[in-house]
Amino acid sequence: QVQLVESGGGLVQAGGSLRLSCAASGRPLSMRTMGWFRQAPGKEREFVACITWSGGDTYYRDSVKGRFTISRDNAKNTVWLQMDSLNAEDTAIYYCAATRVAVATTDPLDYRYWGQGTQVTVSS
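Residues numbered from 1 in each chain as written. Predicted model: local features only at pLDDT ≥ 70, side-chain atom pairs only at ≥ 80, totals over all residues. Heavy atoms only, no water.

(A) The nonpolar core, seen in detail. Within the largest apolar cluster, 29 residues are counted, with the highest numbers of intra-cluster contacts made by L4, M34, W36, F68, L81, M83 and Y94. Only β1 (2-7), β3 (18-26), β4 (34-39), β5 (46-51), β7 (68-73), β8 (78-83), β9 (92-99) and β11 (118-123) provide two or more residues apiece to this core. Ranked by size, the runner-up nonpolar core spans five residues in total, among them F37, C50, A97 and Y111. (Core = buried A, V, L, I, M, F, W, Y, C linked by side-chain atoms within 4.5 Å. Buried < 20%, exposed > 50% of the residue type's maximum accessible area, 1.4 Å probe, protein only. Helix = DSSP H or I, 4+ residues; strand = E, 2+ residues; numbered from the N terminus.)

Printed below as a string of structure tokens:
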């Protein structure tokens, strides 16, 4: 089992920044791609970013490219999502997730473990 705990969410003005953290415990994150998803009120959960085990491959949804950066430290079993130039459309609950596979994937069905989520609210 892998337990994931997100932190770092909060209220920020448009144009501001937040850094989300995801701390994993239980089994190591060996060979697992890690991802961030988000869900806004009344909307489906959507992919935000993912990073492979080595950190060599990262993928982002188009709307966050150039603004968000995903990174990881396998020794610390931690994944981060640096979010800059935030806007109101980024308001959502952000979830950290760990896959069952080593390849990059945007499909939530490939993610086996999920955190409880952290709220990000961007005021305009």
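(B) Broad picture of the state of the cysteines. The final tally for this structure, using the stated rule, is one disulfide. Note that C22 is cross-linked by a disulfide to C96, the S-S spacing being 2.0 Å. Taking the sign of the torsion about the S-S bond as the criterion, the disulfide between C22 and C96, at about -75°, is left-handed. Taken together, the residues span a long stretch of sequence, with C22 in strand β3 and C96 in strand β9 at a distance of 74 residues. Taken as a pair, C22 and C96 share a single burial class, namely buried. Not engaged in a disulfide, the cysteine C50 finds its nearest cysteine sulfur in C96; these two sulfurs lie 12 Å apart. (Disulfide = S-S within 2.5 Å.)

(C) Broad picture of the packing of aromatic side chains. Inspection of every chain in the model, using the stated rule, returns four aromatic pairs. Ring plane angle 75° and centroid distance 5.7 Å describe the contact between F37 and F47, whose orientation is recorded as edge-to-face. Here F37 is found in strand β4, whereas its partner F47 is found in strand β5, with 10 residues between them in sequence. When its relative accessible area of 9% is taken as the criterion, F47 is described as buried. (Phe/Tyr/Trp six-rings, centres within 6.5 Å; stacked < 30°, edge-to-face > 60°.)

(D) Looking closely at the sheet that holds β7. On the basis of which strands lie adjacent, the open sheet formed by four strands has the order β1-β3-β8-β7 and antiparallel pairing. Here the strands that pair on one side only, and so sit at the sheet edges, are β1 and β7. For this sheet the average axis-to-axis angle between neighbouring strands, irrespective of direction, equals 15°. In terms of strand pairing, β7 meets β8 through six bridges, oriented antiparallel. Its bridge partner being in β8, R72 is matched across the sheet by V79. (Pairing = 2+ DSSP bridges. Axes fitted to C-alpha atoms, helices over the stretch in contact; angles between N-to-C directions.)

Nothing here speaks to function; it is all geometry.
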